[in-house]
Number of protein chains: 2
Amino acid sequence: MGRRKNKIKLGAFLLFTGHHVAAWRHPQASVGTDFENYFELAKLAEAAKFDAIFFADGVAARLKDVEAASRKAHSGVYPFEPITLLSALSSVTRNIGLIATASTSFSDPYNLARQFGSLDRLSGGRAGWNLVTSSDQEAAYNFGHETRILHADRYERAEEFADVVLGLWDSWDDDAFIRDQAGGRYFDPEKLHRLNHKGRHFKVRGPLNIPRSPQGRPVLVQAGASGPGKELAARTAEAIFAAHITLEEAKAFYADVKGKLGAYGRSPDDLKILPGIFPVVGRSETEAQEKFEALQELIQPQVGLNLLSQLSGVDLSSYPLDGPIPSDLPVTNAGKSRQELVLDLARRENLTIRQLYLRTAGARGHWQVVGTPSQIADVMEERFENYGADGFNIMAPIMPGGLVDFIELVVPELRRRGLFRTEYEGTTLRENLGLKRPVNRFAAGTAAAAE
Amino acid sequence: MGRRKNKIKLGAFLLFTGHHVAAWRHPQASVGTDFENYFELAKLAEAAKFDAIFFADGVAARLKDVEAASRKAHSGVYPFEPITLLSALSSVTRNIGLIATASTSFSDPYNLARQFGSLDRLSGGRAGWNLVTSSDQEAAYNFGHETRILHADRYERAEEFADVVLGLWDSWDDDAFIRDQAGGRYFDPEKLHRLNHKGRHFKVRGPLNIPRSPQGRPVLVQAGASGPGKELAARTAEAIFAAHITLEEAKAFYADVKGKLGAYGRSPDDLKILPGIFPVVGRSETEAQEKFEALQELIQPQVGLNLLSQLSGVDLSSYPLDGPIPSDLPVTNAGKSRQELVLDLARRENLTIRQLYLRTAGARGHWQVVGTPSQIADVMEERFENYGADGFNIMAPIMPGGLVDFIELVVPELRRRGLFRTEYEGTTLRENLGLKRPVNRFAAGTAAAAE
């Protein structure tokens, strides 16, 4: 096939104890949740020249079923909040990108723009913001709401939130702070721009009280696979963490989103699509399968059912474990697109509830590949060369071992094939991802200058 | 006089280029605003065994008078946001406390509790939150408000905000996360506590989705000198950054606040009072005076007037510079207590407007001492031994030189007098400040257990 000229981009999706839901019970898991444990993972990813490390987030413990929640590591209680954690990592790493998730549903755009701008400055241009919306009812209860926020409202707020944040990041020209000691002029007032935003959800005058950051602005990442999510991404995102399982789904999503960019005056290279992959790597197929089974056997039934209910948005605990998925499940508000992805999988392969939870509990609905380094490199290469991905977000099943496996076994194979870098191309996340540094919309001399 | 058994506590109030309003214009000032510049200051303070470094904050550039604002470094545009900056410093320091300012007026209690809890965990128990309320009209415009928030409303919200944050920090018992791999139990549900707060300003169910932090909770700092501010501090604060100038004022404030603690079931040692001091240190009186004058001469008139207007809450730019302070200035909403402190100073010493701005612009309304190491140690000792202070927050006029002066010249003098430590007493900020580690209000076996 015709080789693509770009190389594969790699993110390390760091989740404590690993992405397998039962990883924390494995004898080889590091159950430590100290900063040092995270620092170790960041160092591993940076030494392997990953583009970025990435942290998911939420603003509520998921305790609807306390008994199930107490039996897993991933109940929404994180050892650290990601913006502070990545800030702490910024001063002890040098090259790797630092991407934190933050929700538009329960944050304020001024505070969020400022903290991510600060992280970009602290890290010398390595920050990224993964914009998510929150359907979580338990989160809503922590922020004064009586009920969860409906999908349409969430996306309307997210659209406006993104516009405010992007606008605030252009508050100052790159060279606004002249610091002329003799002349007594600290900044040039001509290079200051108020946003004066007045919208339905937000009124924000600006300017942001932090200078423009090394990347112009942090890299904007999104994950939304729903209709409004795709439009928001096509308009504003620079990377998407997608969650498709088959090559066909991945290619369709890739073509769909890339095809929407033109309507917003953007080119396909302005947005990188990085599907999650849950790789279980063994030196032989048998070793890989054994590693996987060792984790699967540690899944407690109430945990598997609970996770399935979270992923698919429906409670299956009242149905027989070894029976089929009921065909008349209602579509719920909780992540419609995710629900469809999970149920499509079950129907395609005719799975029982137990089989489905065993399938999805491992990779938690993401693309799972169990095999040798060569087999894993094959499917990555196939998805990359067929325009199903610009790179991948690596979800190691168990930490740090699963990440070490990927780095020691798969990365060298990708390099042998000329698919992955041996040195960082630049010093900022944008430079490594191959993204342009945005011009300040307000700066004198730019076409879009408005003030 | 009878010596106090405690020693002096020292905070380093870090403000880029220094606390003197014209410091940035001085040839010896570091005008660098990179992380490395802050790291250098933190290392200096830690090597000198300071209890903590401290950052002020605000959420708006102060641009009402853009011409004046552009002529100074302190226009409310900070190189970094303090929570992210202190997180970055947490991983490259070991002992020093990390205190960040955040306003209850424009933050959300769940997000704030989580980020400070995270900072406390990242730093191994060295975090502090300086709770402030915001009267700043320009800040209000960045958060959807049409006007500034009135004093009474601000404090009502602050009271409830503090209660929510303190409650959320007790969401989990210290030993809630048992991580029993064999038994499959990650946390003990009995050691989880929902807050279920329903108040006028906030509805927050909880729990906070982060484990309890090393200090039980971050140290709560306040500065409010107004009536409601003092009551809130007496009820909840563990340190106060006071801003009194004379010994008599300091002693009166100290006695007043410490006297209020009993009503809240607290003892005087549960709250440390740390006035700000702006020390200009010289090896001789002449050298100190020359250092001070070199900075004063760099103050531009429009900057001095603008700063005075911010501090006193009134605009004096229409009055003759070399005339007296008008006697009929109205009391404004903007920091009534601060306004009184500044105007009292002017009347006490019969200052003109120019003299007042030259007096207040330097230390920006704080207690200014120009002298030899011995003279500065004398006034610190006097204020400490006479129960006007438990320690001091050092506001170096120029960075890093002024901080280096204090550390190299005054700190050894304090040590000779047995007033300041030579080694850290503990590993947490609480241990060094001599504050108790709070018991979880909900924990089984405590008198206050409610669930």
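Residues numbered from 1 in each chain as written. Chains lettered and ligands numbered in written order. Predicted model: local features only at pLDDT ≥ 70, side-chain atom pairs only at ≥ 80, totals over all residues. Heavy atoms only, no water.

- For chain A, the name recorded in an unreviewed UniProt entry is Nitrilotriacetate monooxygenase, with Rhizobium leguminosarum bv. trifolii as its organism.
- Taken directly from UniProt, the Sequence similarities (unreviewed entry) text for chain A runs: "Belongs to the NtaA/SnaA/DszA monooxygenase family." (UniProt positions renumbered as here; feature names shortened; annotations may be inferred.)

**Structural notes on the relation of the copies chain A and chain B**
Stage number 1. Each copy of the sequence occupies a distinct position, and chain A is placed on chain B by a rotation of 180° and an axial shift of 0.0 Å, giving an RMSD of 0.0 Å. The symmetry that links the two subunits is that of a two-fold axis. Nearest to the rotation axis, the C-alpha of A88(A) is located 2.0 Å from it, this being the minimum over chain A. (Least-squares fit on C-alpha atoms with pLDDT ≥ 70 in both.)

**A short note on the interface of chain A and chain B**
You'll often see interface size given as the accessible area lost when the parts meet.
Stage number 1. At the junction of the two partners, chain A supplies 75 residues and chain B supplies 75 residues.
Stage number 2. Each partner contributes to the roughly 6300 Å² buried at the junction of chain A and chain B, and carbon and sulfur atoms together form 53% of this total.
Stage number 3. Where chain A touches chain B, the interface holds eight salt bridges.
Stage number 4. Along the contact surface separating chain A from chain B lie 57 residue pairs in polar contact (both at pLDDT 80 or more).
Stage number 5. Among the secondary structure elements, those contributing two or more residues to the side of chain A that touches chain B are helix 2 (66-69), helix 3 (82-90), helix 4 (109-122), helix 5 (137-141) and strand 6 (203-204) of chain A.
Stage number 6. When the residues that make up the side of chain A that touches chain B are grouped by side-chain class, the tally is 36 nonpolar, 22 polar and 17 charged. (Contact = heavy atoms within 4.5 Å. Buried area = accessible area lost by both parts, 1.4 Å probe. Salt bridge = Lys/Arg side-chain N within 4 Å of Asp/Glu carboxyl O. Polar contact = N/O pair within 3.5 Å; in protein donor to acceptor, adjacent residues only side chain to side chain. Helix = DSSP H or I, 4+ residues; strand = E, 2+ residues; numbered from the N terminus. Nonpolar A, V, L, I, M, F, W, Y, C, P; charged D, E, K, R; others polar.)

**Details of the packing of helix 10 (residues 301-312) of chain A against helix 12 (residues 353-363) of chain A**
Residue and element names in this part refer to chain A.
Stage number 1. Running from N to C, helix 10 and helix 12 point in directions that differ by 80°, and their axes come no closer than 9 Å. Our classification of the angle between helix 10 and helix 12 gives roughly perpendicular. Between helix 10 and helix 12, the residues in contact are P301, G304, L305, L307, L308 and L311 and I353, L356, Y357, T360 and A361, respectively.
Stage number 2. Broken down by class, the residue content of the contact of helix 10 with helix 12 amounts to nine nonpolar, two polar and no charged. (Axes fitted to C-alpha atoms, helices over the stretch in contact; angles between N-to-C directions. Parallel < 35°, antiparallel > 145°, perpendicular 65-115°, else oblique.)

**Regarding the packing of aromatic side chains**
Stage number 1. Throughout the structure, instances matching the rule amount to 42 aromatic pairs over all chains.
Stage number 2. Taken together, a centroid distance of 6.0 Å and an interplanar angle of 40° make the contact between F116(A) and W129(A) tilted. Pair noted here: F116(A) is in helix 4 and W129(A) is in strand 4 (residues 127-132), with a separation of 13 residues, a long-range link. No difference in accessibility class separates F116(A) from W129(A), as the two residues are buried.
Stage number 3. Ring centres of F177(A) and Y186(A) lie 6.1 Å apart, and the angle between their planes is 75°; on these two criteria the pair is classed as edge-to-face. Accessibility classification places F177(A) together with Y186(A) in one group, the buried group.
Stage number 4. Taken together, the aromatic side chains of F16(A), W24(A), W172(B), F177(B), Y186(B) and F187(B) make up a single cluster linked through ring pairs.
Stage number 5. Across from the ring centre of F39(A), 4.2 Å away, lies the NZ or CZ of K43(A), which sits over that ring.
Stage number 6. Taking the ring centre of F384(B) as reference, the NZ or CZ of R4(B) above it sits at 4.3 Å. (Phe/Tyr/Trp six-rings, centres within 6.5 Å; stacked < 30°, edge-to-face > 60°. Buried < 20%, exposed > 50% of the residue type's maximum accessible area, 1.4 Å probe, protein only. Lys NZ or Arg CZ within 6 Å of the ring centre and 35° of its normal.)

**Quick notes on the sheet that holds strand 4 of chain A**
All names here are of chain A.
Stage number 1. Spatial strand order, 9-8-7-4-3-2-1-12-10-11: 10 strands in an open sheet with parallel pairing. Two strands lie at the open edges of the sheet, namely strand 9 (272-273) and strand 11 (367-371), each paired on one side alone.
Stage number 2. Alignment of strand 2 (residues 52-55) against strand 3 (residues 97-103), held across four bridges, turns out to be parallel. Bridge pairing links A52 to G97 in strand 3. (Pairing = 2+ DSSP bridges.)

**Some details on the sheet that holds strand 4 (residues 127-132) of chain B**
All names here are of chain B.
Stage number 1. Ordered by their spatial adjacency, 10 strands build an open sheet running 9-8-7-4-3-2-1-12-10-11, and the pairing between neighbours is parallel. Of all the strands in the sheet, the pair left with one neighbour each is strand 9 (272-273) and strand 11 (367-371).
Stage number 2. Strand direction decides the pairing type here: strand 1 (residues 9-13) and strand 2 (residues 52-55), joined by three bridges, are parallel. Paired with A12 across the strands is I53, a residue of strand 2.
Stage number 3. In this fold helix 4 (residues 109-122) packs onto strand 3 (97-103) and strand 4, with an angle of close to 150° to the strand it touches most, strand 4.
Stage number 4. In this fold helix 9 (residues 285-296) packs onto strand 10 (276-281) and strand 11, with an angle of close to 110° to the strand it touches most, strand 10.

**Re the pattern of salt bridges**
Residues and elements named next belong to chain B.
Stage number 1. For the structure on display, the rule yields 63 salt bridges over all chains.
Stage number 2. The closest approach of N and O atoms between D256 and K230, which form a salt bridge, is 2.7 Å. Of this pair, D256 sits in helix 8 (residues 247-260) while K230 sits in helix 7 (residues 227-236), and the two are 26 residues apart along the sequence.
Stage number 3. Judged by relative accessible area, D256 falls into the partly exposed class, the value being 28%.
Stage number 4. With relative accessibility at 17%, the residue K230 sits in the buried group.
Stage number 5. Note that R359 is salt-bridged to E349, the shortest N-O span being 2.6 Å.

**Regarding the environment of R25(A)**
Stage number 1. Within the secondary structure, R25(A) sits in the loop between strand 1 (9-13) and helix 1 (35-47).
Stage number 2. Residues within four places of R25(A) in sequence aside, it is in contact with L298(A), Q300(A), Q181(B), A182(B), G183(B) and G184(B).
Stage number 3. One polar contact links the side chain of R25(A) to the main-chain carbonyl oxygen of A182(B), over a distance of 3.0 Å.

**With respect to the UniProt feature "binding site: FMN" (unreviewed entry) in chain A**
Residues and elements named next belong to chain A.
Stage number 1. The UniProt entry lists D57, T101, H151, Y155 and S226 under the feature "binding site: FMN" (unreviewed entry), expressed in the numbering used here.
Stage number 2. Along the chain, the position of H151 falls in helix 6 (residues 151-168).
Stage number 3. Looking at where Y155 falls in the secondary structure, it is placed in helix 6.
Stage number 4. Taking relative accessible area as the criterion, Y155 reaches 11% and is therefore assigned buried.

**Points about the side chain of D405(B)**
Residue and element names in this part refer to chain B.
Stage number 1. With respect to the element layout, D405 can be found in helix 14 (residues 401-416).
Stage number 2. Judged by its relative accessible area of 18%, D405 falls in the buried class.
Stage number 3. Reaching out from D405, the side chain makes a polar contact with the side chain of K291 at a distance of 2.5 Å.
Stage number 4. Contact partners of D405, with chain neighbours within four places excluded, come to V281, K291 and V410.

**Focus on the environment of P189(A)**
Stage number 1. If you trace the backbone, P189(A) turns up in the loop between helix 6 and strand 5 (197-198).
Stage number 2. We classify P189(A) as partly exposed; its relative accessible area is 25%.
Stage number 3. Along the chain, P189(A) and F177(A) lie 12 residues apart, while their C-alpha atoms are 9.3 Å from each other.
Stage number 4. Each residue touching P189(A), except ones within four places of it in the same chain, is listed here: V66(B) and S70(B).

**Observations regarding unusual backbone geometry**
Stage number 1. Between M399(A) and the following residue, P400(A), the backbone shows a cis peptide bond with an omega angle of -5°.
Stage number 2. Of note, P400(A) is situated in the loop between strand 12 (391-394) and helix 14 (401-416).
Stage number 3. A positive phi angle, close to 55°, is found at N196(A), a residue other than glycine.
Stage number 4. Mapping N196(A) onto the fold places it in the loop between helix 6 and strand 5.
Stage number 5. Residues other than glycine seldom take positive phi values, yet Y387(B) does so here, at roughly 55°.
Stage number 6. Judged by relative accessible area, which is 43%, Y387(B) ranks as partly exposed.

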